[in-house]
Amino acid sequence: QVQLVESGGGLVQPGGSLRLSCRASRIIFSSYTMGWYRQAPGKQRELVAKITSPENTYYADSVKGRFAISRDNAKNTAYLQMNSLKPEDTAVYYCNAYFGGVFDQDYWGRGAQVTVSS
């Protein structure tokens, strides 16, 4: 019954911007670390960014200075603002929610395609 639904993907030219959104339902959103992962064809899934609070974030070296992760707990939504996009950013982007409690909880969205091409 837990749902993470990504939106905002699409086709953009190099140097352009996109904002991905991830709306969560049936979880206590504020309790979870939210993350964005991506997987390109022929490659393993990799962590792009994660956030627990604005003061506690992580970014992969490949996206530092270009991407920004944020969350709006009142809307149960996480975001990934992607600027200065490069062709190598092309991938399926997945939203993740993680909670290390009595038992670890780990949920995934179905993914959003981002294609950066001229």
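Provided above is the structure to which this section pertains.
Okay, so let's go over this structure. Since the structure is predicted, the reported quantities are computational estimates derived from the model, not experimental observations. (Residues numbered from 1 in each chain as written. Predicted model: local features only at pLDDT ≥ 70, side-chain atom pairs only at ≥ 80, totals over all residues. Heavy atoms only, no water.)

## Some points on the overall build of the protein chain
- When helices and strands are tallied, the protein chain shows zero helices and eleven strands.
- Of the regular secondary structure in the protein chain, the N- to C-terminal order runs β-β-β-β-β-β-β-β-β-β-β.
- Computed over the C-alpha atoms, the radius of gyration of the protein chain is 14 Å, within 12% of the 13 Å expected from 2.2 N^0.38 for a compact globule of 118 residues.
- In terms of overall dimensions, the protein chain has a C-alpha envelope of 45 × 30 × 25 Å along the principal axes.
- Partitioning the contacts of the protein chain with sequence separation of at least 6, the portion at a separation of at least 24 is 54%. (Helix = DSSP H or I, 4+ residues; strand = E, 2+ residues; numbered from the N terminus. Rg over C-alpha atoms; globule rule 2.2 N^0.38 Å. Contact = heavy atoms within 4.5 Å.)

## Quick look at the packing of aromatic side chains
- Scanning the model with the defined rule gives three aromatic pairs in all.
- In this structure an aromatic cluster arises from ring pairing among Tyr32, Phe99 and Tyr107.
- Above the plane of the ring of Tyr37 lies Arg45, whose end atom (NZ or CZ) is 5.0 Å from the centre.
- The ring of Tyr58 has Lys50 sitting right over it, with the charged end atom 5.8 Å from the ring centre. (Phe/Tyr/Trp six-rings, centres within 6.5 Å; stacked < 30°, edge-to-face > 60°. Lys NZ or Arg CZ within 6 Å of the ring centre and 35° of its normal.)

## So, the pattern of salt bridges
- Considering all chains together, one arrives at four salt bridges under this definition.
- Across the pair Arg66 and Asp89 runs a salt bridge, and its minimum N-O distance is 2.8 Å. Here Arg66 is found in the loop between strand E6 (56–59) and strand E7 (67–72), whereas its partner Asp89 is found in the loop between strand E8 (77–82) and strand E9 (91–100), with 23 residues between them in sequence.
- Relative accessible area serves as the criterion here: at 11%, Arg66 is assigned to the buried category. (Salt bridge = Lys/Arg side-chain N within 4 Å of Asp/Glu carboxyl O. Buried < 20%, exposed > 50% of the residue type's maximum accessible area, 1.4 Å probe, protein only.)

## Focus on the nonpolar core
- Residues Met34, Trp36, Phe67, Leu80, Met82 and Tyr93 are the most contacted members of the largest nonpolar core, which totals 30 residues.
- Of all the elements in the fold, those that place two or more residues in this core are strand E3 (18–25), strand E4 (33–39), strand E5 (46–53), E7, E8, E9 and strand E11 (112–116). (Core = buried A, V, L, I, M, F, W, Y, C linked by side-chain atoms within 4.5 Å.)

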